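Secondary and tertiary structure notes
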Amino acid sequence: MLAKRIIPCLDVKDGRVVKGVNFQNLTDAGDPVENARFYDEQGADEIVFLDITASHEKRKIILDVVARTANDVFMPLTVGGGIKTLDDIRALLNAGCDKVSINTTAVHDPLFIKRASERFGSQCIVVAVDAKRVKDIGRVNEFKIMPWFDDASLNDVCLKSFSGEEPVWAISTHGGRKMIAIDAVKWAKKMEELGAGEILLTSMDRDGTKDGYDIELTRRISEAVSIPVVASGGVGTLEHLREGLVEGKADAALAASIFHYREYSIKESKEYLRLKGVPVRI
Amino acid sequence: MIAIIDYGMGNLRSVEKGFLKVGVDVTVTNKPDVVKKADAVVLPGVGAFKDCMRELTDLHLIDAVVKAVKDGKPYLGICLGFQVLFSESEEFGKCGGLDVLRGKVVRFNFGDQKLSTLNSQLSTLKVPHMGWNEIKIQKDNPLFKGIPDKSYFYFVHSFYVVPEDNAIIAATTDYGIEFTSSVWKDNIFAVQFHPEKSQAVGLRVLKNFGEIVRKGL
């Protein structure tokens with residue numbers, strides 16, 4: 001049976017793990033390769049590097065990080081952050097990563113996902129969907145409009161108006177500060193249609209809160225698409241992982257801080273999930 | 001020397017580094033002459049069957065690969081390198097593949113069908129089949145030496161192989177249906193999963209292939 005995946009995520013800036021934590025097996029807590037090896041030994045199912053390098057000149061550093069990781073760790077590796085062109089994707093794949101996660105570029109140009117999946121195959125194109133619940137119906141008309149909203153083949157994802165009876169999530173950028181007038185559930189379906197091979201879904205309401213995934217959002221998107229969905233944003237306990245995988249129907253559970261700060265190990269997470277009847281690889 | 005064929009698709013680097021990690025010497029090449037001189041051939045790759053065949057054709061590699069297989073040199077096909085061995089692809093019609101083995105390549109098609117087991121409470125089946133799944137070893141096989149039955153390997157694919165000859169099936173995997181996740185026929189070894197992404201068990205598969213090449217079949 002296909003196992004539910006547990007995926008630790010590491011923020012990498014200028015080639016270093018952000019707030020690297022010293023641990024018995026790490027000689028250099030800031031080295032992404034050391035951290036990847038650590039998670040590999042613990043039995044993580046995949047690793048995600050989120051490159052938050054701001055400066056354009058330093059963006060090539062991640063390629064070296066990916067290459068050094070792929071030389072040493074033989075497990076699936078996804079890299080996200082700052083991917084703007086097909087050449088960016090090619091460079092990352094050649095360096096040895098398996099999947100790239102694309103967010104802002106897809107929001108600006110949805111057909112980029114079509115071009116990327118046609119060139120490299122859907123299996124390596126992950127679309128990161130950052131979603132935030134729309135709380136105030138009256139403010140939807142203040143949300144940002146994209147130029148491609150004029151394109152009839154794409155604009156069925158637009159968030160125009162809604163009754164307020166059903167919950168609605170919009171796409172959010174800039175770490176949740178800006179709202180785009182795109183319906184997150186319809187957007188995920190559109191991304192699938194254009195060739196995405198996986199959705200990495202982050203609740204911007206929950207991200208960093210440790211209150212658990214937005215289960216309703218996760219379930220709606222998991223049910224709406226027929227590609228795998230990775231739940232992200234808000235994990236504070238092992239039970240949250242179970243909720244995302246079972247109630248949220250996600251195919252994989254991503255978490256950053258609980259693993260990074262060693263609150264729980266990957267192994268503990270899987271043992272907990274197995275005890276609860278969730279199929280995991282131990 | 002083992003030639004890993006580079007036809008511009010997929011994660012070759014990991015395959016190469018995986019072999020190196022377990023002490024097996026490999027050469028990455030897209031030259032037919034190098035393939036012809038090699039003792040064994042590894043054809044990796046992820047993506048579309050059609051693109052794979054087009055790239056192999058453009059690089060004039062088809063004859064070299066087929067000849068190596070027919071000459072009895074050990075062959076390891078990974079993912080696409082497994083699928084293109086077969087004669088026919090559902091998506092791209094007959095004679096699409098290398099036609100070394102009889103059978104066809106078809107797409108997972110679940111519609112709204114749910115898994116009948118525990119997973120039914122969890123989710124419908126997604127395509128691609130992506131993640132870690134178990135293999136059921138169907139026949140003892142030098143490639144799986146030291147690998148326990150029901151070991152987990154990493155898969156990422158939307159199509160699977162249906163061989164005409166069930167006797168070549170080396171392993172199967174459950175994903176809504178029980179599909180063929182590995183075949184073995186004489187010098188031909190092929191796996192749907194990615195040994196280069198499957199941690200320790202995956203590296204063991206690469207090591208075993210190295211042993212097969214070194215010691216002979």
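See the structure printed just above.
An account of the accompanying structure is given in this report. Keep in mind it's a predicted model, so treat the numbers as computed, not measured.

Moving on: the pattern of salt bridges. Residues and elements named next belong to chain A. Taken as a whole and judged by the stated rule, the model has 40 salt bridges over all chains. The residue E198 makes a salt bridge to R5 at a minimum N-O spacing of 2.9 Å. On the criterion of sequence distance, the pair formed by E198 in strand 9 (residues 198-203) and R5 in strand 1 (residues 5-13) is long-range, its members being 193 residues apart. Each member of the pair E198 and R5 is classed as buried. Connected via shared salt-bridge partners are R133, E166, D214, E216 and R220.

Attention now goes to the interface of chain A and chain B. The interface of chain A with chain B comprises 40 residues on the first partner and 33 residues on the second. Interface of chain A and chain B: buried area, both sides summed, is about 3100 Å²; carbon and sulfur atoms make up 52% of it. Counting across the interface, chain A meets chain B through three salt bridges. Linking B:K197 and A:D98 is a salt bridge whose minimum nitrogen-to-oxygen distance equals 2.7 Å. Linking chain A to chain B there are 20 residue pairs in polar contact (both at pLDDT 80 or more). Among the elements of the structure, helix 2 (61-72), helix 3 (86-95) and helix 8 (238-246) of chain A are those that each provide at least two residues to the side of chain A that touches chain B. The leading source of residues in the side of chain A that touches chain B is helix 2 of chain A, at four residues. Here the residues of the side of chain A that touches chain B are counted per class, giving 20 nonpolar, eight polar and 12 charged.

Rules of the game
Residues numbered from 1 in each chain as written. Chains lettered and ligands numbered in written order. Predicted model: local features only at pLDDT ≥ 70, side-chain atom pairs only at ≥ 80, totals over all residues. Heavy atoms only, no water. Salt bridge = Lys/Arg side-chain N within 4 Å of Asp/Glu carboxyl O. Helix = DSSP H or I, 4+ residues; strand = E, 2+ residues; numbered from the N terminus. Buried < 20%, exposed > 50% of the residue type's maximum accessible area, 1.4 Å probe, protein only. Contact = heavy atoms within 4.5 Å. Buried area = accessible area lost by both parts, 1.4 Å probe. Polar contact = N/O pair within 3.5 Å; in protein donor to acceptor, adjacent residues only side chain to side chain. Nonpolar A, V, L, I, M, F, W, Y, C, P; charged D, E, K, R; others polar.

Everything listed here is a matter of coordinates, which is why it stays silent on function.
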